[in-house]
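Spelled out, the chains give:
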Amino acid sequence: MDYSVEKELIKIENLNFQIKDKKILRDVGNDRFPFVIHDLVFKNNTNCLGQVVAIVGRSGAGKSSLFRLLTGLVKPTSGKVLIPHASIPDKYKEVAEGEVGFVQQNYPLSRNQSVISMLTQACKMGKISKTDSTDLVKKYLNDWGLFNQRNQYTNQLSGGQRQRVAIIEQLLCSHHFMVFDEPFSGLDVGNIMEVKASFRKIADQDNINTIVFSTHDIDLAVEIADLIYVVGFEKNAQGEIIEGGTIVDCIDLKKLGLAWKPYCPEHKELSNRICEKMLLAG
Ligand SMILES: Nc1ncnc2c1ncn2[C@@H]1O[C@H](COP(=O)(O)OP(=O)(O)O)[C@@H](O)[C@H]1O
Ligand SMILES: [Mg+2]
């Protein structure tokens, strides 16, 4: 498919992140593996428009930390996470909390509110008119199988249901760029299929919609993403693991001709290659 690469939506420059004296992330966004997510514009107006970017890595590699940095919840020890300035064209600024929509892993959702009132509030934050919001919330509740739970409080929902409420909340109040940490963990097979289909739907609704999600399920990443970053550990010349996760590979499925295609043997081969690389990286 023909597409052009437009402006940078988010980028990381030489980021290091440390908690006390423990290195969590090391040299993310370097010359070898630049971390830049561009806005892509597709030239022929087919049904594939938005982007889905996956961050994969083993447990403990630093995915959740990377997402907290990407969304401005925590500040890097050094380096920068940059997003476009809201009012000055071509100017970038460091991300601040609340500027990037974020569904966290184990999202707490413990607010003392019913599902419907939470989502109505999200519409308000997303500047959706009152007239539109009633229909929109109803549609999302139906699409995501939550209509019967609309009057329940979020602490009365199952883990999977809470996850879905958190996703809808971000869809309603964020603008086009959304980050999801492990959105598939804790969901059953049916819910996984639903969320997968919804990701594609969100991405394809508008060519500026971009979803970034993390997972340890490589097959799933290869199936639905068009760009994959692998987070892992590197080894020094003595074969010892260097402290702190970093980007160890970046795979552009568009260039491989594997994006926006039903899962095929080439996807499986790629998935196996990424798994091997992750295991080698410790
Ligand atoms: N608040 C914290 N204090 C100390 N270490 C932490 C903290 N949060 C995360 N870590 C450590 O950072 C590393 C990366 O964790 P995390 O970002 O949650 O990885 P992932 O999401 O890939 O499983 C782990 O070794 C974890 O123990
Ligand atoms: Mg995590």
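Residue positions are given per chain, counted from 1 along the sequence in the order it is written. Lettering for chains starts from A, numbering for ligands starts from 1, and both go in the order in which the items are written. Totals for whole chains, interfaces and linings use every residue, but because this is a predicted model, local features are given only for residues with pLDDT of at least 70 and side-chain atom pairs only at 80 or more, for both listing and counting. Water and hydrogen atoms play no part in the side-chain values, which are based on all heavy atoms of the structure.

Glancing now at the confidence of the model for the chain. Here the chain averages 87 in pLDDT, and 91% of its residues register 70 or above. Averaged over each element, pLDDT in the chain is lowest for helix α5 (residues 189-205) (77) and highest for strand β2 (residues 22-28) (97). What pLDDT conveys is the predictor's confidence in a given residue, as a value from 0 to 100. Going along the chain from the N terminus, every DSSP run of H or I of four or more residues is numbered as a helix, and every run of E of two or more is numbered as a strand.

Turning our attention to the side chain of Ser-133. Mapping Ser-133 onto the fold places it in helix α3 (residues 130-143). Note on contacts: a residue pair qualifies if any of its non-hydrogen atoms lie within 4.5 Å across the two residues. If we skip the residues at most four places from it in the chain, Ser-133 touches Cys-123 and Ile-128.

With that out of the way, let us pick up α3. A rise of 1.5 Å per residue sets the reference length of α3, with its 14 residues, at 20 Å; its end C-alpha atoms lie 20 Å apart and thus fit the reference within 8%. Buried residues of α3: Ser-133, Val-137, Tyr-140 and Leu-141, and no others. Take α3 and look down its axis: the buried residues cluster within an arc of 100°, on one side only. Among the exposed residues of α3, those oriented more than 90 degrees off its buried face are Thr-131 and Asp-135. Residues of α3 that are buried in the fold lie against α2 (115-125) and α4 (159-173). At the exit of α3 stands Gly-145, carrying a positive phi of roughly 65°. Residue count minus one, scaled by 1.5 Å, sets the expected span of a helix. Burial classes: relative accessible area under 20% of the type maximum marks a residue as buried, over 50% as exposed, and values in between as partly exposed (1.4 Å probe, protein chains only). Read the arc as the range of directions from the helix axis to the C-beta atoms.

A few words on the environment of Asp-132. Of note, Asp-132 is situated in helix α3. Classification of Asp-132 by relative accessible area gives partly exposed; the value is 48%.

This brings us to the sheet that holds strand β4 (residues 51-56). Two strands pair if DSSP finds at least two bridges between them. In space, the 6 strands of this open sheet follow the order β7-β8-β9-β4-β10-β11, with mixed pairing throughout. The outermost strands of the open sheet, each flanked by one partner alone, are β7 (101-103) and β11 (246-252). The sheet shows a mean angle of 15° between the axes of neighbouring strands, taken without regard to direction. Of the pairings in the sheet, the one linking strand β10 (residues 227-232) to β11 comprises 6 bridges and is antiparallel in character. Opposite Val-230, over in β11, you have Asp-249 as the bridge partner. Whenever a helix is involved, its axis is fitted only over the stretch in contact; in every case the axis is a line through C-alpha atoms, and angles between N-to-C directions fall within 0 to 180 degrees. Sheet strands in contact with helix α1 (residues 63-70) are β4, β7, β8 (177-180), β9 (210-215) and β10, and its direction is about 150° off that of β9. The sheet strands contacting α4 are β7 and β8, and the helix crosses β7 at an angle near 175°.

Take the site of ligand 1 next. Throughout this document, a residue counts as near a molecule or strand when at least one of its heavy atoms sits within 4 Å of that molecule or strand. Around ligand 1 sit Ile-19, Lys-22, Ile-24, Arg-58, Ser-59, Gly-60, Ala-61, Gly-62, Lys-63, Ser-64 and Ser-65, and those are all the residues in its vicinity. Between Lys-63 and ligand 1, the recorded distance is 2.8 Å, taken from a backbone N or O atom to an oxygen atom. Each accessible area value is a Shrake-Rupley result obtained with a 1.4 Å probe; residue values ignore everything except the protein chains displayed when judging cover. About the coverage of ligand 1: the protein hides 62% of its 560 Å² of free accessible area. Of all the elements in the fold, those that place two or more residues in the shell around ligand 1 are β2 and α1. When residues in the shell around ligand 1 are grouped by element, the largest group, 3 residues, is from α1. A per-class count over the shell around ligand 1 returns 3 nonpolar, 5 polar and 3 charged. N or O atoms closer than or at 3.5 Å make up a polar contact, with two conditions inside protein: a donor-capable atom paired with an acceptor-capable one, and, for residues adjacent in sequence, both atoms drawn from side chains. Classes in brief: Ala, Val, Leu, Ile, Met, Phe, Trp, Tyr, Cys and Pro nonpolar; Asp, Glu, Lys and Arg charged; the others, Gly included, polar.

All right, on to the packing of α2 against α3 then. Running from amino to carboxyl end, α2 crosses α3 at an angle of 125°, the nearest separation of the two axes being 10 Å. Judged by the inter-axis angle, α2 sits oblique to α3. Considering how the two elements wind past one another, α2 and α3 form a crossing that is right-handed. Counting all contacts with α2, which are made through Val-115, Ile-116, Leu-119, Thr-120 and Cys-123, the residues of α3 involved are Ser-133, Val-137 and Leu-141. Class assignment of the residues belonging to the contact of α2 with α3 gives a composition of 6 nonpolar, 2 polar and no charged. Oblique is the label for any angle not covered by the other classes, which are roughly parallel (under 35 degrees), roughly antiparallel (over 145) and roughly perpendicular (65 to 115). Handedness of each helix crossing follows the sense of rotation of the near helix against the far helix: counterclockwise by less than a right angle gives left-handed, clockwise gives right-handed.

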